[in-house]
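# Inside the fold
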Amino acid sequence: MSESVKLIYNGNEFELPVIFGSEGERAIDISTLREKTGFITLDTGYANTGSCESAITYINGEKGILRYRGIPVEQLAEHATFKETAYLLINGRLPTREELTRFSVLLNDHSLVHEDMRAFYENFPRSSHPMGILSSMVNALRSFYPELQNLEEEINMTVTRLLSKVRTLAALSYKISRGHKVVYPRPDLAYCSNFLNMMFDSPVRPYELDEDVVRALRVFWILHADHEQNCSTSAVRLVGSARVTLYAAISAGIAALWGPLHGGANQAVIEMLSEIAEKKNMKKAVERAKDKKDPFRLMGFGHRVYKAYDPRARIMKKMADKVLAKLNISDPLLDIAKELEEIALKDDYFIEHHLYPNVDFYSGIVLRAIGIPTNMFTVLFAIGRLPGWIAQWRESIDDPKWKLYRPRQIYIGPKETSFVPIDER
Ligand SMILES: CC(C)(COP(=O)(O)OP(=O)(O)OC[C@H]1O[C@@H](n2cnc3c(N)ncnc32)[C@H](O)[C@@H]1OP(=O)(O)O)[C@@H](O)C(=O)NCCC(=O)NCCS
């Protein structure tokens, strides 16, 4: 039975339909509001705006739940591979053994990047941030891999190329930035192992794969694989809604993810923890985060959707303990992070504002332990988020209700005023 809400304004009644999600969330469909009433809605930062209906990821921020296609992320982190998770997100269900084999063969076949792309890398200034490089290189892929005539084939090929090549592009940027010999992907290695090998293998020190390190990266990528309509995913959908190529839409997603309030937070957390360690000022950091006159925030704390403990942070925290123990590493930043969390979670400000550690709070410590340099952290996040971006883009272009993203505004600038010639100003 369809339900509606009534809006009463100046004695006039307007009816608007209510939309229900499969987990009981409710929305008022305001798409006809302006036509019926002349009003638009105003929601700065879209904090209370649903931009689409989606069947990909479910988050319950109050209860700390995250599921991909209905499957709890905890189960995927425990049992799935990253490739299976990517397939699940993009195709809507887990692959059969044959489907997974076919998917793996395709990813292997497309894992090389055009040799001419190396010239770009070699000409970026050495100080360039790898996120800027990755965003540019993903956009450049279109020029090297022109569009195919058959639309379905074009989409499938682009998706495969992106999933496979982004790993190679990321590792390439690291090797070239260090002036080291490039390592090619290997057909005998699985997705995560292949990336680690491309990053760390060297002619003078062959890389030895450690199954716990591979597992840590796999879990990191699975936990980052999708997160419904976050900033970068919305960027992918928004840019994609102009019907640009998937490469351009993903490139926009990478640019959005780079920001310190979004994916860049994992790098910012390590920088913050290192500064706290150096100056031994943990309590001061908490006080500064609470001070409204100070722009400083506790990085890795708080989330637009989670008002409870981020389920990904819980897994990442355990992973940090496990990896450090396995690799016999003692990282003072992990102790500082745990102590900081303890202080913050007992503090009235953090309690009242529902601020808990988010996924970025412990993930940098894990990445550091497995040898990933700090400026590559967000690149690793981008590789993990890629299946989610692709799934969301695909869902948006297949949506029969698809529309160009084009929000409205409330104009608060000057009323009509006349042009003043330059000599009279
Ligand atoms: C993620 C984030 C941008 C979400 O922000 P949001 O939903 O827009 O919430 P707001 O920025 O409106 O913050 C709400 C309140 O909590 C406070 N707050 C939010 N995060 C905070 C943090 N990390 N440290 C201190 N205070 C914080 C804000 O100052 C604000 O306080 P007020 O209501 O008294 O003015 C925000 O929590 C943040 O900046 N966190 C640090 C960066 C980070 O870890 N990002 C990764 C996200 S996965």
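Keep in mind the model is a prediction, meaning the values are calculated, not measured.

Core analysis: the biggest nonpolar cluster contains 116 residues, and Phe195, Trp221, Ile250 and Ile372 have the highest contact counts within it. Element by element, the count of residues in this core is highest for helix H18 (residues 377–398), at 12 residues. With sequence-adjacent residues up to four places away left out, Ile372 is seen in contact with Phe195, Met199, Phe200, Leu367, Phe377 and Leu380.

Turning our attention to the domain arrangement of the protein chain. Assigned domains within the protein chain: domain 1 (3–60) and domain 2 (82–403). Interface area for domain 1 against domain 2, summed over the two sides, is near 1000 Å², with a carbon-plus-sulfur share of 56%. Its largest share of buried area at the contact with domain 2, domain 1 owes to Ile56, Thr57 and Ile59, together 55% of the area lost on that side. Our count for the contact surface shared by domain 1 and domain 2 stands at 1 salt bridge.

The 3 strands are arranged S4-S5-S6 in an open sheet whose pairing can be described as antiparallel. The sheet terminates laterally at strand S4 (57–60) and strand S6 (71–72), the two strands that pair on one side only. Taken together, the 2 bridges between strand S5 (residues 65–68) and S6 define a ladder with antiparallel strand orientation. Among the inter-strand pairings, Tyr68 is bridged to a residue of S6, identified as Ile71.

Sheet analysis places S4 next to S5, joined by 4 bridges and oriented antiparallel. Bridge pairing in S5 links Thr57 to Tyr68. The turn linking S4 back onto S5 is made up of 4 residues, and Gly64 within it adopts a positive phi angle of 70°. If you look at the hairpin formed by S5 and S6, you'll find 2 residues sitting between the two strands, and Arg69 has a positive phi there, around 50°.

In the structure shown here, the tally under the stated rule is 21 salt bridges. Arg118 is the salt-bridge partner of Glu115, the closest N and O atoms lying 3.3 Å from each other. When its relative accessible area of 42% is taken as the criterion, Glu115 is described as partly exposed. Linking Arg312 and Asp310 is a salt bridge whose minimum nitrogen-to-oxygen distance equals 2.7 Å. You can call Arg312 buried: its relative accessible area is 2%. Among the residues examined, Asp310 registers a relative accessible area of 1% and is labelled buried. Each member of the salt-bridge network shares a partner with another, and the members are Glu115, Arg118 and Glu122.

Conventions we followed
- Residues numbered from 1 in each chain as written.
- Predicted model: local features only at pLDDT ≥ 70, side-chain atom pairs only at ≥ 80, totals over all residues.
- Heavy atoms only, no water.
- Core = buried A, V, L, I, M, F, W, Y, C linked by side-chain atoms within 4.5 Å.
- Buried < 20%, exposed > 50% of the residue type's maximum accessible area, 1.4 Å probe, protein only.
- Helix = DSSP H or I, 4+ residues; strand = E, 2+ residues; numbered from the N terminus.
- Contact = heavy atoms within 4.5 Å.
- Domains from an automatic or database assignment.
- Buried area = accessible area lost by both parts, 1.4 Å probe.
- Salt bridge = Lys/Arg side-chain N within 4 Å of Asp/Glu carboxyl O.
- Pairing = 2+ DSSP bridges.

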